[in-house]
Amino acid sequence: MFSIQDQFSAATKANVEAQLALVTALTSKAFEGVEKLIDLNLTVAKTSLEESNATAKQLLAAKDPQEFFSLAAAQAQPNAEKAAAYARHIANIASSTQAEITKTAEAQIAETSRKVAALVDDVAKNAPAGSENVIAIVKSMIGNANAGYEQLAKTTKQAVEAIETNLSSATVQFTQAAEKATGRAKK
């Protein structure tokens, strides 16, 4: 049978390893999100360059100022739609990355909490008489830490939902404003 010191030593080692695994997993998820953003930005930059060249050729081929301004005004709506689509892509990447990070963290924290609770129960079985109060305090602290984490996770999810809602609203408003500006330019 292990002594209490050996149990805590093994638990501490396991906890450090779990923390390292969590940091590695979270970093990996964050890098995946950054990679998606880089891919999106490269694609947008390449497409934008190609479309700018095509638009410049169209504008240079205009026969008179009226045709030039008509062609220029016609670009406003597609550009506004592209900007809105870009914003939606960024929001989707951010949202999915946040969801993956949250899922990874929740799984790791649940596993760590389970192991700590099992350790405390095991130590309680082998604890000397009169240590019941200390064990109760430790269990209470673990319960409070878990409740605090759950509240933090809930608040974070609410904040992300609010950001997504605000971004969606801003995208709709931006698109509507671009449509109005395009409508005025065509008149």
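Residues numbered from 1 in each chain as written. Predicted model: local features only at pLDDT ≥ 70, side-chain atom pairs only at ≥ 80, totals over all residues. Heavy atoms only, no water.

### Thoughts on the nonpolar core
Here's step 1: If you look at the biggest cluster of nonpolar residues, it comprises five residues: Leu119, Val120, Val123, Ile135 and Ile142.
Here's step 2: Considering each element in turn, this core owes the most residues, three residues, to helix 3 (residues 76-126).
Here's step 3: Apart from residues lying up to four places away in sequence, Ile142 is in contact with Val116 and Val120. (Core = buried A, V, L, I, M, F, W, Y, C linked by side-chain atoms within 4.5 Å. Buried < 20%, exposed > 50% of the residue type's maximum accessible area, 1.4 Å probe, protein only. Helix = DSSP H or I, 4+ residues; strand = E, 2+ residues; numbered from the N terminus. Contact = heavy atoms within 4.5 Å.)

### A short note on the pattern of salt bridges
Here's step 1: Taken as a whole and assessed by the stated rule, the structure comprises three salt bridges.
Here's step 2: Note that Glu100 is salt-bridged to Lys29, the shortest N-O span being 3.9 Å. Here Glu100 is found in helix 3, whereas its partner Lys29 is found in helix 1 (residues 4-60), with 71 residues between them in sequence.
Here's step 3: Under the relative-accessibility criterion, Lys29 is labelled partly exposed at 24%.
Here's step 4: Between Glu111 and Arg114 there is a salt bridge, with the nearest N and O atoms lying 2.5 Å from each other. Placement of the pair is Glu111 and Arg114 together in helix 3, with a separation of three residues, close to one helical turn. (Salt bridge = Lys/Arg side-chain N within 4 Å of Asp/Glu carboxyl O.)

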